[in-house]
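Analysis of the macromolecular model
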Amino acid sequence: MQPKYTPQELLVRLKSAPPIDQIGTHERISKIQSRSLKGPAKLHGLRLALSMIDLTTLEGKDTPSKVRQLCIKAQHLHGINPDLPKVAAVCVYPTMVGVAKKALENSTIKVAAVSTAFPSGQAPFEVKKLDTLYALEHGADEIDMVISRGHFLAGEYNYVFDEIAAIKALCGSARLKVIFETAELDSLDQVRRISDLAIAAGANFIKTSTGKIQPAATFPVVLTMLGAIKDHFDKTGQMIGMKPAGGISSAKIALQHLLLVKEVLGEAWLTNEWYRFGASSLANDLLMQYQKQLTGKYQSAAYFSID
Amino acid sequence: MEILKTYKLYIGGQFTRTESGRSYQIQSASGQAIANACLGSKKDIRNAVQAARKAQASWAAKSAFNRSQIIYRIAEMLETRKGQFIEELVLLGHSNPAAVAEVQSSIDRCIYYAGWADKYQALSSSVNPVSSPHFNFSVPEPMGVIGMVTCQETALIGLISQILPLIVGGNSVVVIANTTKALCAISFAEVLATSDVPGGVVNILTGEVAEMLPTLAGHMDVNALSLAKIEDHLSRNAQEAAVDNLKRCQLYNLDYFDSKNQGLHFITDFQEIKTTWHPIEQIAGGAAGY
Amino acid sequence: MSTTNWNLEPSLESTAVVQLKDQYELFINGQWQAPKAKKYFATINPSDESHLSNIAWATEADVDLAVKAARNAYENVWSKLSGAERGKYLFRIARLMQEKARELAVLETLDGGKPIKESRDIDIPLACNHFFYYAGWADKLQEAFAGQQIESLGVAGQITPWNFPLLMLAWKIAPALACGNTVVLKPAETTSLTALKFAEICQEAGLPAGVVNIITGYGDTGAALVVHPDVNKIAFTGSTAVGKQIQKACIGTDKKLTLELGGKSANIILEDAAVDQAVEGVINAIFYNQGHVCCAGSRLYVQESISAQVIEKLKFRLQSIYVGNPLDKNTDIGAINSKKQLETIEKYISLGREEGAEIYQPACQLPSKGYYCLPTLFTDVAQSARIAQEEIFGPVLAIQTFRTIDEVLQKANNSPYGLAAGVWTDKGARIFGLSSQLRAGVVWANTYNKFDPASPFGGYKESGFGREGGVHGLSAYLKITN
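Presented here is an overview of the structure given in this document. Quick caveat: nothing in here was measured; it's all calculated off a predicted structure. (Residues numbered from 1 in each chain as written. Chains lettered and ligands numbered in written order. Predicted model: local features only at pLDDT ≥ 70, side-chain atom pairs only at ≥ 80, totals over all residues.)

**Digging into the overall build of chain A**
Assigned secondary structure in chain A consists of twelve helices and eight strands. The globule rule puts the C-alpha radius of gyration for 307 residues at 19 Å, and the 19 Å found for chain A is close to it. Along the three orthogonal principal directions, the C-alpha set of chain A runs to about 60 × 45 × 30 Å. Counting every position in chain A, which comprises 307 residues, the buried fraction comes to 53%. Here the analysis covers contacts within chain A between residues at least 6 apart in sequence; of these, 75% occur between residues at least 24 apart. (Helix = DSSP H or I, 4+ residues; strand = E, 2+ residues; numbered from the N terminus. Rg over C-alpha atoms; globule rule 2.2 N^0.38 Å. Buried ≥ 20, exposed ≤ 12 C-beta atoms within 10 Å, placed from the backbone. Contact = placed C-beta atoms within 7 Å.)

Now the structure itself:
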């Protein structure tokens, strides 16, 4: 693989990013959180959020049977509301890609595979490469790779850059999401730095977390990443996608994330081509809130399937 | 035959004649001519304010400790010239014991304020516990250039009591001295000139209050006025002129021999309070604060 | 799926919590009293120009009654109470205000036009907190002035502005009462309602009659209060022009005076700043409360190396600012307080165009009735332009660029005003360097428009004198001697 930047060039590029003020970031978020969504606007938001879900199962105990059930749920979110949008993708380990691909063969739902020794990323590069190739060979439409956090924190930016660029080269037409695991990074400045690095290395999407370490997709982290996406777009005209993952379990939080996107990036990003939620339990809360909007009645979890 | 001293104005660290070329006679208590003093003019006021403005920022920027040292130096220089001041006061009609007492009190007052130079900040500052994650603190800052009419009853103690708390606090001053007892004011200027007070920090003019004060009070580059008891209409007109740029006005009518009339608030009367905010990053999930 | 135009629907705060009277009288000596001249004026809702109520117009005779009531309460009741007892009344008032927080917020928004989310989340909580804060000082005054003699002043005449009606009332009344003074307060004529509601709260709190008197009216009412010979203290928040008249009127009296006046505060962004947070800070600095903020960051100075980026970001940010019905919980910029103020702002916008600055306003539909103004940016503004020198008191930002830090410091200080300033830089040493050289009473570093009862507020130069808030706010209501 050929690095695009010398270490010095990369460092200069990363250091040209603006610092991030944490308290100012919190204040911006609380402004968005005080927005009030009512009536049709809320319904629209809920539908949008549903359509953006990467319905996820990433457990050691995952089996083909479990993955097939998830894929059925992905296509039939809520039986009594057939006009609901479908989720954007299911997200599984590479070993389950074949199963998911088959289960979704008659749908437009994508299959995303986590890779590069997810979640820790602690494997030799050759292993990461094989991990990715395996998922791609079984038909993965999207690759969710993790970065090498240890190398990043040690300041070995070129290592991290080259790794992303190499995986990107393998991906071909599959879209590459790069997971930062922001809970393991030090500060919002680091989040901004890794965002710029990943975008420069070829990420199609940047993604907060694996979901295995808390706190995951916090608002300050997400806003910082959106800022990097916006600046990249302003400079180059190129859109980069965003995927918060982990900890987004309620409709309220999901809607606030969408309002953040609307105000920070603009409405062009409000589609599942450019925005995803990595979540497992979010779908049902969205469905319950949707039903509440339709009927005016608060809902019970007993009426919504748990796949 | 005795040589009569000509008392000049003290502007920008220089002893200059009034640009108006006029003088007036200062007489002893018995009506004898003691000296000629400059009859200051509007243009002298203008020059003095310019000099004061030029000197103020760097005076305020000196370390508080350094200002303290310089003001203590004033006390030392007063001490060495004690005899001169006593003699002048006696000439102006004071009894010898009264003159000695006034000079001694004046020296004591200098020492008193010298000690304040690096302490008033601590007593008039605060760290304010605001509810948001911000470090918030308030500190005093000098108002800037202060116009002053000094005590018309006393020759020395009033002058010193009015000037020192202002310069201790980093201000510069333009002083219209006591008209009839101007001797001590100009001698005090000689003390200042030999005691490391940078030129322009204190400017002393002699002459008629009625002629100079309207210009000083109306000057748009003067930030505040310190006015001793003067004729009502003069004071009133000065305060009205002061409104144009919202000068802060302090009126004093005090017995400066009384040590109750020295204190912190004479310094803070000519200080602004500045409050600064800065965010405090929250680290390790903990809420930071002061 | 299609994603175009995800518009937020109006989300209106209910007004059911507010019961307006047809007519409001003067609150003097603990009672509602009709004005001697029997004159009333209308107060309207600036968001739709609808009539809200009629308000008593106090004349000299009413002012005299109010001052007499305050004097009587001072001599016979309030000055005889211990600080601890005064404090208890203030605590009780604070609690009652909290309990009526939503009613006060809606009332403030109806009468003044400010967005409900600001009155709900900022004005009213801060006003309550101010009473809590000073309640605790009432029995600790001597500790605040160790080694000095302190005395209450007597009767305080207080005149408040229309931009933060209840909050400014709190800034005035809470320290005055804590320090042992009694009060005659005149609210601004366009925003009397929360002050009158506050009078009801005083009654409910059992505050002794005459300790707080609220007299409503126009400038003539305020003028009568200022010149009343039995008033010992004047506290005024408002324009510099009126402040000067008041300063003049107090000459030759023993009235203690504090003035909180106008501003044209500089907000400075250096090239190493956290740009996105700085941009948000600029938005907050100039569009908060429709720009009706004396300390609004109305002069923006951006370092040339990042000015194009900052201006682009500001323009983009303006697109997600909601202008409209102040009762809508999503509204960011509500109604301009009065027709008169709207005309002033529009005059300055035309002036800015004439002066050759480039204007930017977002595309946004304004309500057909009521007084509204689009958030407005002027770029390529010269220091000599009137829009860069004069207080507009509206959502209008004059943007200038600079090259060096020395240059921007000089330009920032190049103003008759000195209320506030903002500094945005990532460099700590530079923050202290700049903030100590900016001639302003409040410096917000990497933030803007923050207020707190514990934080002293007030200006340098023609922005007034005296401080409100914090321990320094006590001196405004005490006679201090050695």
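Still more ground to cover, so stick around.
**Concerning helix α3 (residues 82–91) of chain B**
Residues and elements named next belong to chain B. Taken together, the buried positions of α3 are occupied by Phe-85, Ile-86, Glu-88, Leu-89 and Leu-91. For α3, the elements touching its buried residues are β5 (33–38), α4 (96–116) and α7 (182–193). Just beyond α3, the residue with positive phi is Gly-93, at close to 110 degrees.

**Side note on the interface of chain B and chain C**
Contact residues are listed per partner, giving 28 residues for chain B and 33 residues for chain C. For the side of chain B that touches chain C, the secondary structure elements donating two or more residues are β7 (134–142), α9 (232–242) and β13 (271–279) of chain B. Element by element, the count of residues in the side of chain B that touches chain C is highest for β13 of chain B, at eight residues. Of the residues that constitute the side of chain B that touches chain C, the class distribution is seven nonpolar, 15 polar and six charged. Inspection of the sheet shows β13 of chain B paired to strand β19 (residues 442–445) of chain C by three bridges, in the parallel sense. Directly across from Trp-277 of chain B, in β19 of chain C, lies its bridge partner Trp-444 of chain C. (Nonpolar A, V, L, I, M, F, W, Y, C, P; charged D, E, K, R; others polar. Pairing = 2+ DSSP bridges.)

**Let's talk about the interface of chain C and chain A**
By a frequent convention, interface size equals the accessible area lost on bringing the separate parts together. Counting from both sides, the interface comprises 22 residues of chain C and, opposite them, 29 residues of chain A. Broken down by element, the side of chain C that touches chain A gets its largest block of residues, five residues, from helix α10 (residues 275–287) of chain C. When its residues are assigned to classes, the side of chain C that touches chain A shows five nonpolar, ten polar and seven charged.

**Description of the pairing of strand β11 (residues 224–228) of chain B**
Each regular strand shows side chains that alternate between the opposite faces of the sheet. Residue and element names in this part refer to chain B. Burial analysis of β11 places five of its five residues in the buried class, the great majority of the element. Note that strand β8 (residues 145–149) and β11 share four bridges and pair parallel. Across the sheet, the residue bridging to Gly-147 is Leu-225, located in β11. Bridge count for β11 against strand β12 (residues 248–252) is five bridges, and the pairing is parallel. Its bridge partner lying in β12, Leu-225 is registered against Cys-249. For the crossover that starts at β11, traverses α9 and ends in the parallel β12, the hand is right-handed. (Right-handed = clockwise from strand over helix to strand, strands pointing away.)

**Section: the pairing of strand β4 (residues 142–146) of chain A**
Residue and element names in this part refer to chain A. Extensive coverage of β4 is indicated by the burial of five of its five residues. Burial along β4 is two-sided: the face carrying Glu-142, Asp-144 and Val-146 and the face carrying Ile-143 and Met-145 are both buried. With four bridges joining them, strand β3 (residues 110–115) and β4 adopt parallel strand pairing. When the sheet's bridge partners are listed, Val-114 is paired in β4 with Asp-144. In this fold, β3 hands off to helix α6 (residues 125–137), which returns the chain to β4; that crossover is right-handed. Strand direction decides the pairing type here: β4 and strand β5 (residues 175–179), joined by five bridges, are parallel. The residue of β5 that forms the bridge with Met-145 is Val-178.

On their own, these measurements won't tell you what the molecule is for.
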